[in-house]
Amino acid sequence: MTVLARAIEATRQYGDVLALDRVSLDIRAGELVGLLGPNGAGKSTLINLFAGLRRPTSGVVELFGGSPLDPAIRRGIGVTPQETGLPESFRVGEIVDFVSAHFPEPVGRAELLARFGLSDLVKRQIGGLSGGQRRRLAAALAFAGRPRLVFLDEPTTGLDVEARRALWDGIKAFHEDGGTVLLTSHYLEEIEALAQRVVVVGNGRVLVDDTVPAVRGMVGARRVSLVAEDLPELPGVLGSERADGRIDLVTTDPDRLVVELVRSRVPFSGLEIRPATLEEAFLAITSKESANV
Amino acid sequence: MSNLVLAHTRFLMVEQIRVPIGLLASSLFPAISMLAFVVPFAGQDVRGATTATASLMFFGAMSAALIGLSNAVSQDRERSWNPYLRTLPAGPFPRFAGRILSTLAVMLISVIPVLVVGALFTVATITPARLLLGLGALVTGVVPFMLMGLFVGFVMASKAAMAVSQLLFFPMAILGGLLLPPQILPEFVQVVSPYVPTRGAAELIWWATAGVSPSAVSLVMLAVWTVLLAAAAVWAYRRDEGRRFS
């Protein structure tokens with residue numbers, strides 16, 4: 001498969017701060033990659049390198065085989081602006097037209113706005129939009145120029161469930177048409193719902209680069225769910241949560257936990273054991289990493 | 001490429017027209033000064049009225065150039081919209097050209113009220129040829145102030161840029177003889193006046209509009225200021241680029 005974006009041993013320093021530390025990464029045509037990591041892990045720096053906003057301190061960053069600093073190369077990418085930075089005095093349609101003017105074959109105002117459910121707002125000033133509407137507009141702008149590769153930095157932060165689903169559908173549709181996506185998110189549910197491949201970054205390095213199920217399996221965490229009144233101290237519990245009368249426990253060793261539970265003679269029912277979600281896996285990976293430092 | 005310059009110019013024009021405080025500031029103040037000072041005191045003296053009208057037109061243009069540009073550039077640098085624009089497939093040129101062209105356009109709009117007051121309420125007269133020449137002199141004379149605006153905008157945060165550009169603006173306007181004719185300024189001001197860039201610009205415009213022969217020292221100083229400020233603006237631009245986008 002063609003590599004659309006590539007980082008080879010890319011390092012980026014801001015003064016004394018090492019934001020990226022020898023990161024190597026290939027993004028191939030047709031992939032939907034989720035970039036996961038805590039704040040300050042280097043996610044935004046990596047996207048800034050790919051989008052041509054910054055140069056690597058050392059190493060190489062390529063886009064479509066060329067330099068991201070070359071405007072002609074950037075015709076193939078789409079980036080979301082921060083919704084707080086959208087110019088307030090402009091109308092929705094005007095912003096779309098302005099961004100579209102930069103591309104040889106733009107999608108066009110009507111189609112783009114329809115795709116993101118913004119058609120009714122074409123004449124509204126951005127200053128009068130809700131946070132969610134601004135978010136959707138910001139995401140739509142990334143697709144204005146028929147990009148081959150889209151960088152979405154936390155596209156659904158601040159959206160309600162319905163709007164989030166709508167935006168996910170838009171991203172999925174773009175991907176099904178052959179588009180390539182690099183997505184960062186705080187919503188791990190989002191990465192699970194959309195991405196096939198997960199890249200976990202922490203402290204400026206790529207910690208894990210694998211499929212969603214593999215990352216989940218790698219950590220080996222399981223979620224043990226049961227109904228009980230009260231539980232004793234149990235071994236190997238990473239986290240617990242009580243909801244709707246059920247107790248959920250995350251553990252790396254479900255067998256031992258169940259054995260201890262039975263031994264404690266506490267009455268329980270409805271026992272379920274399943275693989276942990278990516279969120280749980282992610283927390284386990286990053287906490288392991290910081291424990292090693 | 002020229003399409004992009006047009007798109008950026010139009011975009012920046014719309015921004016300025018929708019939030020017209022800068023436009024009002026640079027057109028209303030000189031127009032009011034015309035009504036308050038020029039009309040009653042110099043309204044019947046043809047050459048005095050003509051040069052005073054020209055001076056106040058330049059006063060407005062300079063405000064649009066220096067205060068307008070320094071505010072716009074410094075605010076731009078603080079908005080997250082600006083780095084987003086850098087990801088679009090265009091180099092920095094269309095945005096920069098758009099910034100300059102939209103400033104020039106706003107500047108030419110903002111001198112109209114003074115021109116109207118001068119034409120209606122004073123005996124100031126001008127031939128169409130001299131008016132065109134005068135506008136040419138205005139655009140030439142405003143170049144160092146645009147460069148100064150760029151310099152301040154690239155070097156300072158927006159709040160500081162707003163204050164500093166005003167602090168530079170009024171003393172230079174007074175020293176250059178834009179508000180009062182240089183002949184009636186205090187003696188120490190007359191000593192300094194030929195060396196400030198406002199004076200050179202004013203001399204150029206008085207020559208273009210009323211045929212007053214300009215002082216060579218002031219014109220040379222205008223050229224020197226233009227070169228110095230160009231160097232300062234380029235330095236400030238590169239420094240800012242290095243900090244935010246290297």
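Residues numbered from 1 in each chain as written. Chains lettered and ligands numbered in written order. Predicted model: local features only at pLDDT ≥ 70, side-chain atom pairs only at ≥ 80, totals over all residues. Heavy atoms only, no water.

Side note on the overall build of chain B
Move 1: Each helix and strand in chain B was counted, giving eleven helices and zero strands.
Move 2: Across chain B, helices and strands are ordered from the amino to the carboxyl terminus as α-α-α-α-α-α-α-α-α-α-α.
Move 3: Its C-alpha radius of gyration of 18 Å places chain B within 12% of the 18 Å reference for a compact globule of 246 residues.
Move 4: Principal-axis analysis of the C-alpha atoms places the extent of chain B at approximately 55 × 35 × 30 Å.
Move 5: A buried classification covers 50% of the 246 residues belonging to chain B.
Move 6: Residue pairs at least 24 apart in sequence account for 82% of intrachain contacts in chain B once pairs closer than 6 positions are excluded.
Move 7: A total accessible area of about 11100 Å² is found for chain B, and carbon and sulfur atoms account for 75% of it.
Move 8: Averaging the coordinates of the 15 positive side-chain charges in chain B and doing the same for the 8 negative ones gives two points 8 Å apart. (Helix = DSSP H or I, 4+ residues; strand = E, 2+ residues; numbered from the N terminus. Rg over C-alpha atoms; globule rule 2.2 N^0.38 Å. Buried < 20%, exposed > 50% of the residue type's maximum accessible area, 1.4 Å probe, protein only. Contact = heavy atoms within 4.5 Å. Areas by Shrake-Rupley, 256 points an atom, 1.4 Å probe, with all protein chains shown as cover. Lys, Arg positive; Asp, Glu negative; His and termini not counted. Charge placed at Lys NZ, Arg CZ, Asp CG, Glu CD.)

What about the side chain of serine 225 of chain A?
All names here are of chain A.
Move 1: Checked against the element boundaries, serine 225 lands in strand β10 (residues 222-228).
Move 2: By relative accessible area, serine 225 is classed as buried at 7%.
Move 3: Beyond its immediate chain neighbours, meaning those up to four positions away, serine 225 contacts Arg246, Ile247, Asp248, Gly270, Leu271 and Glu272.

Quick look at the layout of surface pockets
All names here are of chain B.
Move 1: Quantified by volume, the largest pocket comes out at close to 810 Å³.
Move 2: As for the largest pocket, its lining consists of 35 residues, of which Val19, Ile21, Gly22, Asn71 and Gln75 are closest to the centre.
Move 3: Those elements giving two or more residues to the lining of the largest pocket turn out to be α1 (2-18), α2 (21-42), α3 (46-78), α5 (93-110) and α8 (158-175).
Move 4: Ranked by residue count, the leading element in the lining of the largest pocket is α3, at ten residues. (1 Å grid on protein atoms, 1.4 Å probe; cavity = no way out; pocket = protein on both sides within 12 Å on 5 of 7 lines; lining within 4 Å. Points joined across faces, edges and corners; volume = space filled by probe spheres on them.)

Digging into the sheet that holds strand β9 (residues 205-211) of chain A
Residues and elements named next belong to chain A.
Move 1: Ordered in space as β5-β6-β7-β3-β8-β9, the six strands form an open sheet in which the pairing is mixed. Strands at the two margins of the open sheet, each flanked by one partner only, are β5 (77-79) and β9. Pairs of neighbouring strands in the sheet enclose a mean axial angle of 15°, with direction left out of account. (Pairing = 2+ DSSP bridges. Axes fitted to C-alpha atoms, helices over the stretch in contact; angles between N-to-C directions.)

With respect to the UniProt feature "transmembrane region" (unreviewed entry) in chain B
Residues and elements named next belong to chain B.
Move 1: In the numbering used here, UniProt assigns the feature "transmembrane region" (unreviewed entry) to residues 21-43, 49-69, 104-126, 132-155, 167-184 and 204-237.
Move 2: Along residues 49-69 the backbone is 100% helical and 0% strand, and the end-to-end C-alpha distance reaches 29 Å.
Move 3: In residues 167-184, the share of helix is 50% and the share of strand is 0%. The end C-alpha atoms are 23 Å apart. (UniProt positions renumbered as here; feature names shortened; annotations may be inferred.)

Topic: the interface of chain B and chain A
Move 1: Contacts between the two partners involve 24 residues from chain B, matched on the other side by 29 residues from chain A.
Move 2: Around 2300 Å² of area is buried between chain B and chain A when both sides are counted, 65% of it from carbon and sulfur atoms.
Move 3: Its largest share of buried area at the contact with chain A, chain B owes to Arg18, Trp81 and Pro89 of chain B, together 28% of the area lost on that side.
Move 4: Linking chain B with chain A are one salt bridge.
Move 5: Counting the contacts that link chain B with chain A gives eleven residue pairs in polar contact (both at pLDDT 80 or more).
Move 6: Sorting the residues of the side of chain B that touches chain A by element identifies α1, α4 (81-87) and α11 (216-245) of chain B as the ones contributing at least two each.
Move 7: A per-element tally of the side of chain B that touches chain A places α1 of chain B first, with seven residues. (Buried area = accessible area lost by both parts, 1.4 Å probe. Salt bridge = Lys/Arg side-chain N within 4 Å of Asp/Glu carboxyl O. Polar contact = N/O pair within 3.5 Å; in protein donor to acceptor, adjacent residues only side chain to side chain.)

Focus on helix α4 (residues 131-142) of chain A
Move 1: Taking 1.5 Å of rise per residue, the twelve residues of α4 of chain A would be expected to cover 16 Å, and the 17 Å separating its terminal C-alpha atoms lies within 8% of that figure.
Move 2: Taken together, the buried positions of α4 of chain A are occupied by Gly132, Gln133, Arg134, Arg135, Arg136, Leu137, Ala138, Ala139, Ala140, Leu141 and Ala142 of chain A. (Expected span 1.5 Å × (residues − 1).)

Side note on the pattern of salt bridges
Move 1: As enumerated under the stated definition, the model contains 20 salt bridges over all chains in all.
Move 2: A salt bridge links arginine 246 of chain A to glutamate 272 of chain A; the nearest nitrogen and oxygen atoms lie 3.8 Å apart. Of the two residues, arginine 246 of chain A sits in strand β12 (residues 246-251) while glutamate 272 of chain A sits in strand β13 (residues 268-275), which places them 26 residues apart along the sequence.
Move 3: When its relative accessible area of 24% is taken as the criterion, arginine 246 of chain A is described as partly exposed.
Move 4: A cluster of three or more residues bridged by salt bridges with shared partners is formed by Glu15, Asp76, Arg79, Arg95 and Arg99 of chain B.

Examining the side chain of threonine 80 of chain A
Move 1: With respect to the element layout, threonine 80 of chain A can be found in the loop between β5 and α2 (92-100).
Move 2: What threonine 80 of chain A contacts, discounting residues up to four positions off in sequence, is Ala138, Ala139, Ala142, Phe151, Leu152 and Asp153 of chain A together with Tyr84 of chain B.

With respect to the pairing of strand β2 (residues 17-28) of chain A
Looking down a regular strand, the side chains alternate between one sheet face and the other.
Residue and element names in this part refer to chain A.
Move 1: Inspection of the sheet shows strand β1 (residues 3-14) paired to β2 by eight bridges, in the antiparallel sense. Pairing of alanine 5 across the sheet is with isoleucine 27, part of β2.
Move 2: Counting the residues that bridge the hairpin from β1 to β2 gives two residues, and of these glycine 15 lies at a positive phi of roughly 60°.

Focus: the packing of aromatic side chains
Move 1: Enumeration over the complete set of coordinates arrives at 15 aromatic pairs over all chains.
Move 2: Between the aromatic rings of phenylalanine 90 of chain A and phenylalanine 11 of chain B, the centroid separation amounts to 4.1 Å while the plane-to-plane angle is 10°, which identifies the pairing as stacked. You can see phenylalanine 90 of chain A sitting in the loop between β5 and α2 and its partner phenylalanine 11 of chain B sitting in helix α1, one on each of two chains.
Move 3: For phenylalanine 11 of chain B, a relative accessible area of 4% gives the class buried.
Move 4: Among the aromatic residues, ring-to-ring pairing joins Phe90 and Phe98 of chain A together with Phe11, Trp81 and Tyr84 of chain B into one connected group. (Phe/Tyr/Trp six-rings, centres within 6.5 Å; stacked < 30°, edge-to-face > 60°.)

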